[in-house]
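Structural characterization, general
Here is how the chains run, residue by residue.
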Amino acid sequence: MYYGGDYNPEQWPEPVWLEDARLMREAGVNLVSLGIFAWARLEPAEGEYDFAWLDRVMEILHGHDIGIDLATATASPPPWLTMSYPDSRPVTADGVPLSQGSRQHFAATSPDYRRLAVALAGTLGERYATHPAVRMWHVNNEYACAVHADHSDHAVAAFRRWLEARYGTVAALNEAWGTDFWAQRYGSFAEVVTPRRTPSSPNPSAVLDFRRFTSDSYLELYLAERDALRAAGARQPITTNFMGLFPPLDYWRWAQEVDVVADDCYPDPRDPESFRTAALARDLMRSLRPGQPWLLMEQASNAVQWRPNNRAKAPGQLAALSEQAVARGADGILFFQWRQSRAGSEKFHSAMLPHAGTETRTWREVVALGSSLAGRPAPEPVRGQVAIVLDWENSWALDQPNLPGTVDHAAVITDWYLALHRRHVQVSFVRPTDDLAGFAVVVAPALHLLTGAGAANLATWVAGGGTLVTTAYTDLVDEHDRFRDGGFATQLREVLGGHPVDFDGLLPSDGVSVTLGDAGPLPAGVVLEDFVLTTGTVAAIVDGPAVSGSPALVRNVHGDGTSWHLTTFLDAEGNGQVLDLVLPAAGVTPVLPGLPPEVEAIEGRERITVVNQSPQAHTVLLPDGERRLAPYEVVHLVRRAQS
Ligand code: GAL
């Protein structure tokens, strides 16, 4: 089990480094991510490297038996780079180049930035590949976090090359993008630009491809650095840090290219439900490379500084959130950062070692957590009975204007996860084309862009006995964001037992609701489908002006399986009412029965971890008897190993 955090010794004079190492030992730290923002110190002028200070830091760490996740230091280019190569900066959709003086001010496609980043990574690789303290390599940092898209001239040129490789001919591009709409026909690839600010809506197919390109261009940059490390002889695992459901990057593709999945996660202590969205991120990380442990690469020991108002973690909450990560497969719990900065925009961000020193609650909790994690075996979470389908390309197609009702796809996914989590059902994430064998229920929220392969996979799985849950915006467009011939849900209509023929946008003020079970009217939103039934039967109807009586939930038997299609969107509460029908019928059971929603139970092969994620005590019935759980208390229940 790794324990530690980002370590930025370049912000401190040398005598502090020794004290750091001593206190790291005291806290149980055995891994630090070193030098993530140290480029200006490592290469003070182009081609002039200074590794002497880093040698000394690494020697001190090694002398204290602290492992190093060595950064390639490329996340923040030094001022000399920006001054020498001003066109290496990213440009907004409005044509504004982003300035130095902060961080991440690089264009992923800038040849000069890339050349210099790869050179630094390779030089670090050559120097430290055989250093005995180096356990891992940390490439760049949170790709795209601050720059979701780049419209520089380099990006435009790279986008054209990307399109040419994808489509071959401009005729194929015109066909894919439907460019006869609004006279957008291109005569050559050289006429295409990135979707910069336009007077009216840009072409949605172009935007979809631009988002694919953006994820790919950052990935290409990561690969260039990774390959430079390998070429220099690095044999340790290489990774970079993900950010949960982060929209700009397709982490399914990225996960194939890192040796270890790593995540940064900052649940808001003010939000009593944020432990559930943190759980979502952990389940996603576990799912990206199934069967392999992942790292919680960054979390805050206490408050962050970047929200408008930053609540502190409650006493015990740090351990509770860390344990939910371990139970979901993390074999490392790391922080941003080791020692609180004394200058810069993050000086109020908590750290393992607070600016106020060791006489602090934060330090005591950090030390206690380190000692409780020390020597733990690698966790082995189980996959669970329910999967949620997540496909970034689908999200990119949906997160656009000009739909019957605008939808935030990440919020839709989250609302289904929250409902499952409150019911103590363990969830995995899958792609539409993944092998679904072994899942009892698959929830595919707003699977709007659905490829032939994805549709065939889902249909075969349902016919074989699976239970599929879908919502409005299912199977409406192809991979180019175009309607398919023949109407809507053309691929899944037999599975769904019907198909939509029209759409009615819904706002809360429209007063449309769905009644299910005994929960009272559940507000419906975004859109309501005019759904034509074929073999499906109506399990619930809509209530509201002009739409009363139309199908809200349609159940259909398909082969040996069942589908449940919701013709609208409900919130997490409403989704829960749907699940209360679906889950028992599909034989899905909670990890432990009878727990309050604030107490989570995570199932592993060897043990079940029970965590009270609330500031209130709860008396619960566990398999070994009744127990009073103090606020944020964690209990590990040993279970017999399953095959
Ligand atoms: C992360 C970033 C860290 C630090 C942290 C503060 O996004 O990777 O460098 O800024 O946020 O919460």
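To keep things clear, this report deals only with the structure shown in the data block. (Residues numbered from 1 in each chain as written. Predicted model: local features only at pLDDT ≥ 70, side-chain atom pairs only at ≥ 80, totals over all residues. Heavy atoms only, no water.)

Attention now goes to the nonpolar core. Membership of the largest hydrophobic core comes to 141 residues, with the highest contact counts inside it found for Ile333 and Trp338. Of all the elements, helix H10 (residues 274–288) adds the most residues to this core, at eight residues. Here this core spans two domains, and each of domain 1 (2–144 + 236–373) and domain 2 (386–586) adds at least three residues to it. Apart from residues lying up to four places away in sequence, Ile333 is in contact with Tyr2, Tyr3, Gly4, Leu296, Gln299, Ser322, Ala325, Val326, Leu369 and Leu373. (Core = buried A, V, L, I, M, F, W, Y, C linked by side-chain atoms within 4.5 Å. Buried < 20%, exposed > 50% of the residue type's maximum accessible area, 1.4 Å probe, protein only. Helix = DSSP H or I, 4+ residues; strand = E, 2+ residues; numbered from the N terminus. Domains from an automatic or database assignment. Contact = heavy atoms within 4.5 Å.)

Taken in spatial order, the nine strands make up an open sheet running E5-E4-E3-E2-E1-E9-E8-E7-E6, and their pairing is parallel. With one partner strand each, in any of the chains shown, strand E5 (238–239) and strand E6 (241–242) form the two edges of the open sheet. Pairing between strand E7 (residues 262–264) and strand E8 (residues 294–298): three bridges, direction parallel. When the sheet's bridge partners are listed, Asp263 is paired in E8 with Leu296. The strands touched by helix H3 (residues 52–63) within the sheet are strand E1 (2–7), strand E2 (31–34), strand E3 (67–71) and strand E4 (134–138), with E2 carrying the most contacts at an inclination of about 170°. (Pairing = 2+ DSSP bridges. Axes fitted to C-alpha atoms, helices over the stretch in contact; angles between N-to-C directions.)

On to the pattern of salt bridges, then. Applying the stated criterion across every chain yields a total of 31 salt bridges. A salt bridge links Arg339 to Asp20; its shortest N-O distance comes to 2.7 Å. Of the two residues, Arg339 sits in the loop between strand E9 (330–335) and helix H12 (361–373) while Asp20 sits in helix H1 (residues 14–27), which places them 319 residues apart along the sequence. For the pair Arg339 and Asp20, a shared accessibility class is recorded, and that class is buried. (Salt bridge = Lys/Arg side-chain N within 4 Å of Asp/Glu carboxyl O.)

Turning next to the site of the ligand. The ligand sits among Phe37, Arg103, Asn141, Glu142, Asp264, Tyr266, Glu298, Trp306, Phe336, Glu346 and His349. Here an oxygen atom of the ligand and a side-chain polar atom of Glu346 are 2.3 Å apart. Between the ligand and His349, the relevant distance is 2.7 Å, taken from an oxygen atom to a side-chain nitrogen or oxygen of the residue. For the ligand, the accessible surface in isolation is 310 Å², of which the surrounding protein chains cover 95%. Considering only residue class, the shell around the ligand consists of four nonpolar, two polar and five charged. (Near = heavy atom within 4 Å. Polar contact = N/O pair within 3.5 Å; in protein donor to acceptor, adjacent residues only side chain to side chain. Areas by Shrake-Rupley, 256 points an atom, 1.4 Å probe, with all protein chains shown as cover. Nonpolar A, V, L, I, M, F, W, Y, C, P; charged D, E, K, R; others polar.)

On to the packing of aromatic side chains. Aromatic ring pairs are reported here in terms of the distance separating the ring centres and the angle at which the planes meet. This model, assessed by the stated rule, comprises 26 aromatic pairs. Seen from their ring centres, Phe51 and Tyr128 are 6.1 Å apart, and the 85° between their planes marks the pair as edge-to-face. Of the two residues, Phe51 sits in the loop between helix H2 (39–42) and H3 while Tyr128 sits in helix H5 (residues 111–128), which places them 77 residues apart along the sequence. When the ring of Trp338 is compared with that of Trp363, the centres are 6.0 Å apart and the planes differ by 75°; the resulting orientation is edge-to-face. Of the two residues, Trp338 is situated in the loop between E9 and H12 and Trp363 in helix H12; the sequence distance between them amounts to 25 residues. By the ring-pair criterion, three or more aromatic residues cluster together here, those being Tyr143, Tyr218, Tyr222, Phe242, Tyr251, Trp254 and Trp392. Over the ring of Trp12 we find Arg339, and its NZ or CZ is 5.2 Å from the ring centre. The ring of Phe439 has Arg383 lying over it, and the distance from NZ or CZ to the ring centre is 3.7 Å. (Phe/Tyr/Trp six-rings, centres within 6.5 Å; stacked < 30°, edge-to-face > 60°. Lys NZ or Arg CZ within 6 Å of the ring centre and 35° of its normal.)

We now examine a negative patch on the surface. A contiguous patch of negative charge on the surface is contributed by Asp502, Asp504, Asp510 and Asp530. When you line up the elements, Asp504 lands in strand E14 (residues 498–506). (Patch = residues over 30% accessible without salt bridge, like charges linked within 9 Å, V, L, I, M, F, W, Y side chains within 5 Å. Lys, Arg positive; Asp, Glu negative; His and termini not counted. Charge placed at Lys NZ, Arg CZ, Asp CG, Glu CD.)

On to the pairing of E9, then. For E9, the buried fraction is high: five of the six residues fall into the buried class. Relative to E9, E1 is paired through four bridges, and the arrangement is parallel. Along E9, the bridge assignment pairs Gly4 with Leu334. In terms of strand pairing, E8 meets E9 through two bridges, oriented parallel. The residue bridging Trp294 from the neighbouring strand is Ala330, located in E9. Regarding the hand of the β-α-β motif, the stretch spanning E8, helix H11 (residues 317–327) and E9 is right-handed. (Right-handed = clockwise from strand over helix to strand, strands pointing away.)

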